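# Structure assessment
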Amino acid sequence: MRSKLFHASLAAALALGLGLAAPASQAAPGDRYVLVTHAADSDSWWNTIKNSIKQAGEDFGVDVDYRGSGNGDLSEMARQLESAAARNYKGVSFDIASYAVLKAPAAKVAAKGIPIVTINSGTPDESKKLGAIMHVGQGEYDAGKAAGERAKAAGVTSFVCVNHYATNNASFERCQGFADAIGLKDWRKTSMIDTGMDPTVVASKLSAYLRSNPKTQAILALGPNAAEPSIKVVQDMHLVGKINFGTFDLSPAIINGIKSGTIQYAIDQQPYLQGYMGIAALVIAHDQNTKDPAKIIAALKANPKFQARLKQYDLKPIYTATGVSSGPAFVTKDNVATVEKYAGQYR
């Protein structure tokens, strides 16, 4: 049967063929979507995702709310999900900071028939169990392992994991992958420091660890909150070029650290894609009345506004049969200039 979807798709295809801008969405005025995250207000890494959902709302003609946890409290995130179910949003996106904590509130969203797309933390399997249409994120263990393989090639056999958010299982997956790659056992007992997000505490704990373990060959920071104070520690302890320093994610300070040689690499999970595609996929799912990831991905690939964003920010999603992999990609001295302009904003 040739539905409204068929005619809308045909119109879009004809518009593209004539070089015209296809309509971004059939969204009704006032349609509202929400992204719920575990992020504390102080975690600047999420600014890129906040910017991306704003642009997704503009491109698709919908309103988008952002709901963080305030202080990183997962119980507060669970409450925000329950609130999203009660408010009857057209679609809900969230990161799977803890499958166990979020399972019940996610079920309340699904029970309302509200489409779900998960992003960032978690796995595609967990996403499916929560009733989500698809997952947009980076395989955290695989990303950590890729970093560890990079370090192993440089001769690294020991490291310290600077964990600023130890209540998120993704943090441990990243370090586990790194430890497995370099062949290190029992790393949680010997090679991890739980720092929290206070930069003074991060610096103090890392300095103390390195003084007590002077043969440590590598530092793995799990994001800007861990990496930025660690940069100063490495510099103050005169370890630049003497210790292999890698971090997850990007910020202006991390970019400068790469340029100066303090940081050897950053693992870029392209968070812009997580936020933007999380919302865009929900709008497409709602407007086209589909939960088929292949159809949603096809619509994203055909959307001229989304494709323009990818080109502008030099973003490269990896499409799979059931979702999107947003990373990992490595930023080093060789390609840092490409992402420097947008680091901390759209990269």
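As a starting point, this report considers the structure included with it. (Residues numbered from 1 in each chain as written. Predicted model: local features only at pLDDT ≥ 70, side-chain atom pairs only at ≥ 80, totals over all residues. Heavy atoms only, no water.)

## Description of the pairing of strand 6 (residues 160–163)
The side-chain alternation of strand 6 yields two buried faces, one formed by Val-160 and Val-162 and the other by Cys-161 and Asn-163. Two strands pair when backbone bridges link them, and strand 6 and strand 8 (residues 218–221) are joined in this way by three bridges, in the parallel orientation. The residue bridging Val-160 from the neighbouring strand is Ile-219, located in strand 8. Direction of pairing for strand 6 relative to strand 7 (residues 192–194): parallel, over a ladder of three bridges. Across the sheet, the residue bridging to Cys-161 is Met-192, located in strand 7. (Buried < 20%, exposed > 50% of the residue type's maximum accessible area, 1.4 Å probe, protein only. Helix = DSSP H or I, 4+ residues; strand = E, 2+ residues; numbered from the N terminus. Pairing = 2+ DSSP bridges.)

## Here's the deal with the pattern of salt bridges
Taken as a whole, this structure holds 13 salt bridges when the rule is applied. The partner of Arg-174 in a salt bridge is Glu-140, with the nearest N and O atoms 2.8 Å apart. Of this pair, Arg-174 sits in helix 7 (residues 169–182) while Glu-140 sits in helix 6 (residues 140–153), and the two are 34 residues apart along the sequence. Summarising the burial analysis for this pair, Arg-174 and Glu-140 share the class buried. (Salt bridge = Lys/Arg side-chain N within 4 Å of Asp/Glu carboxyl O.)

## Quick word on the pairing of strand 5 (residues 135–138)
Taking every second residue as pointing to the same face, both faces of strand 5 are buried, with His-135 and Gly-137 on one and Val-136 and Gln-138 on the other. Inspection of the sheet shows strand 4 (residues 116–119) paired to strand 5 by two bridges, in the parallel sense. Counterpart to Ile-119 in the pairing with strand 5 is Val-136. Between the parallel pair strand 4 and strand 5, the chain is carried across by helix 5 (residues 124–129), and the sense of this crossover is right-handed. By the bridge criterion, three bridges tie strand 5 to strand 12 (residues 324–327) in an arrangement that is parallel. Within strand 12, the position partnered with Gly-137 by the bridge is Ser-325. (Right-handed = clockwise from strand over helix to strand, strands pointing away.)

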